[in-house]
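Summary of the model geometry
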Amino acid sequence: MSLPSKENFSEWFHEIIQTAEIMDIRYPVKGLYVWFPFGFKLRQLVYGKLREIMDREHSEVYFPALIPETELGKESEHIRGFEDEVYWITHGGLSPLDVKLALRPTSETAMYPMFKLWIRNHADLPLRVYQIVNTFRYETKHTRPLIRLREITSFKEAHTAHRNYEEAEEQVKKAIGYYKEFYDFLAIPYMVIRRPDWDKFPGAVYTIAFDTVMPDGRSLQIGTVHHLGDNFAKTFEITYEAVDGNHYFVHQTCYGISERCIASLISMHGDDLGLVLPFEVAPVQIAVIPILYKGKEEKVLDFSNELLEKLKGFRVVFDKGEERPGAKYYKWELKGVPLRFEIGPKEAERREVVVSFRDEKKKFSVPIEEINEQKISQWAEEMRARLRKKAVESIKLKLKFVGELSELSEIVREYVSIMHLCKNRDCGEEIEKHGGKLLGWLEEIPDFLEVSKEGECIVCGGKGSLAVSARSY
Ligand code: 5CA
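Owing to the predicted nature of the structure, the values given are computational and were not obtained by experimental measurement.

The nonpolar side chains of a soluble globular protein tend to be buried, and buried together. Ranked by size, the top nonpolar core spans 76 residues in total, and within it Ile22, Val46, Leu146, Tyr183 and Ile266 carry the most contacts. Each of two domains, domain 1 (9-269) and domain 3 (399-470), supplies a minimum of three residues to this core. Look past the residues within four positions of leucine 146 in its chain and what remains in contact with it is Phe13, Ile17, Ile22, Met23, Trp35, Glu259, Arg260, Ile262, Ala263 and Ile266. Formed by 28 residues, the second largest nonpolar core is a distinct cluster that contains Tyr112, Phe201, Phe232 and Ala242.

Written out as structure tokens, the structure reads:
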């Protein structure tokens, strides 16, 4: 089955996740999908990196999926933000429950009553934990696999507590650093954007988001970092005893990433032939394909085995099935296998391997003696750099600086629009009247944007800084 062209991104995405066996979308509940084994392996590898990053200074925990209504409702802004998205459990068997239980939409209100018990004095701080769990949100916007789910299956949420506002702010900066490392590893370009005050996470002091640009020019929020101040601490009475003997409220942060990271990975690098995956996260890293002719099989197979011996430790398939080589290439291209090694009688004779990379058309021969771990790591690194470069080039084409408000409606229909804007809410709302969603203000200028940081607000002419408006997922 062939894929639709990536030009028709929505169709392409819909098809690729099924044909490449990432998700089965036939589950009979809207917004819920099934991970195929191949997709789940990809998830495991991608989240392995996220875990590695988190484990450096967070402890992994597990909190229950059910939250009593009495806790979920405590923080007024938080519950106001989530009330129309919560799934409720009202019965245990046939008996109505005394206290309704929410399926966690996120875990602040599950964790923080326990933080109150865990945190006694300054020695307990900072507290940094994370969990990777499913969360449930009754999304009313169009649901899509990996992008907008009603059961988010792979919600990595980190929660931290600190002595004061400044220390929590330091953690916000660290979290941004962690997410940068993660997305750089996946070769996914992003913008770090401070959300408008009226669009921050419910209960937060401020929210900083990672947004990327999908192939159809729409933005996708692929992670968020929130400074919670002492808002939740006051509600849940989380205090610590300081050195001076007084009790103070903690200041908190939380930050999360969902399987949207995999949606962006697939969308950013994939092409008309299928997935294109960075080497480290590819479920199959190397496909070895013997070209077998009658009477010459033995030589080729012997040489292949010699090669396979050298590839121990990598995720390799040795595809000696009955299909024609072309069909095999096609199959492994669809699965995004980064490296392909072909071996025919001629190669066996010369002790060479024909090497090709998933993201490039060219093939070349390499003596088997030169193939080793170091060489493969070098190829993997070069491929990541090419993937990022290509992603940046395609994103650049989808960004446009808007100098005049009168041009915005036209531009935002096709492009992620960059403009100077002040922090005034009226001006922000004016921007949204032109079609796009105001994502907020750039925290830093990404290397793929060549614009000056300061300028006159496109609406009122006051002092503005760089803001982004886009049609978003
Ligand atoms: N408690 C905080 C930090 S963990 C929190 O819930 N933040 S959030 O609401 O912004 O969600 C974190 C990230 O999850 C978002 O940045 C977004 O990338 C992703 N996300 C949110 N809703 C969905 C959804 N319905 N489907 C898939 N991913 C989602």
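A separate point is the pairing of strand β15 (residues 286-290). Side-chain positions along a regular strand alternate between the two faces of the sheet. Among the five residues of β15, five are classified as buried, and the element is accordingly described as predominantly covered. Neither face of β15 is open: one carries Ile286, Val288 and Pro290, the other Ala287 and Ile289, and all of them are buried. Pairing of β15 with strand β16 (residues 316-318) involves three bridges; the strand directions are parallel. By the bridge assignment for β16, valine 288 is matched with phenylalanine 318. In terms of strand pairing, β15 meets strand β17 (residues 339-343) through five bridges, oriented parallel. Counted as the bridge partner of isoleucine 289 is glutamate 342 from β17.

With respect to the helices, strands and loops of the structure, arginine 43 is situated in helix α2 (residues 37-55). For the buried arginine 43, which has no salt bridge, the nearest side chain bearing the opposite charge is glutamate 259, at an N-O separation of 6.4 Å. Every residue in contact with arginine 43, bar those within four places of it in the chain, is listed here: Trp35, Ile132, Thr153, Ser154 and Ile262.

Below, the discussion takes up the environment of arginine 260. Along the polypeptide, arginine 260 turns up in helix α8 (residues 260-269). Residue arginine 260 is classed as buried on the basis of its relative accessible area, which comes to 12%. Here the alpha-carbon distance between arginine 260 and histidine 142, two residues 118 residues apart in the chain, equals 15 Å. With sequence-adjacent residues up to four places away left out, arginine 260 is seen in contact with Leu146, Ile147, Arg148, Leu220, Gln221 and Ile222.

Our next topic: the sheet that holds strand β19 (residues 363-367). Across a sheet, strands are paired by hydrogen bonds formed along the backbone, either parallel or antiparallel in direction. One open sheet accounts for five strands, arranged β16-β15-β17-β18-β19; its pairing is mixed. Edge positions in the sheet fall to β16 and β19, since each has one partner strand and no second. For this sheet, the mean angle separating the axes of adjacent strands, direction not counted, is 25°. Strand direction decides the pairing type here: β17 and strand β18 (residues 352-357), joined by four bridges, are antiparallel. Residue pairing across strands places leucine 339 opposite phenylalanine 357, the latter belonging to β18. Its contacts with the sheet put helix α10 (residues 325-334) on β15, β16, β17 and β19, and the angle it makes with β15 is roughly 175°.

Overall, antiparallel pairing links the three strands, which are arranged β4-β6-β5 in an open sheet. Here the strands that pair on one side only, and so sit at the sheet edges, are β4 (66-68) and β5 (87-92). Sheet twist, expressed as the mean angle between neighbouring strand axes with direction ignored, is 45°. Sheet topology note: the β5/strand β6 (residues 95-103) ladder contains five bridges and is antiparallel. In the strand pairing of β6, tyrosine 87 is matched with leucine 103.

This brings us to the packing of α2 against helix α6 (residues 165-185). Axis angle and axis distance: for two packed helices, these are the angle between their axes and the distance between the axes, and together they describe the pair. Where α2 contacts α6, the two axes come as close as 10 Å, and the packing angle between them is 150°. Accordingly, the angle class assigned to the pair α2 and α6 is roughly antiparallel. The crossing of α2 and α6 is right-handed. Along its contact with α2, which presents Val46, Lys49, Leu50, Ile53 and Met54, the element α6 presents Tyr178, Tyr179, Glu181, Phe182 and Phe185. In terms of residue class, the contact of α2 with α6 is made up of eight nonpolar, no polar and two charged.

The rules behind each value
Residues numbered from 1 in each chain as written. Predicted model: local features only at pLDDT ≥ 70, side-chain atom pairs only at ≥ 80, totals over all residues. Heavy atoms only, no water. Core = buried A, V, L, I, M, F, W, Y, C linked by side-chain atoms within 4.5 Å. Buried < 20%, exposed > 50% of the residue type's maximum accessible area, 1.4 Å probe, protein only. Domains from an automatic or database assignment. Contact = heavy atoms within 4.5 Å. Helix = DSSP H or I, 4+ residues; strand = E, 2+ residues; numbered from the N terminus. Pairing = 2+ DSSP bridges. Lys, Arg positive; Asp, Glu negative; His and termini not counted. Salt bridge = Lys/Arg side-chain N within 4 Å of Asp/Glu carboxyl O. Axes fitted to C-alpha atoms, helices over the stretch in contact; angles between N-to-C directions. Parallel < 35°, antiparallel > 145°, perpendicular 65-115°, else oblique. Left-handed = near helix turned anticlockwise from the far one by under 90°. Nonpolar A, V, L, I, M, F, W, Y, C, P; charged D, E, K, R; others polar.

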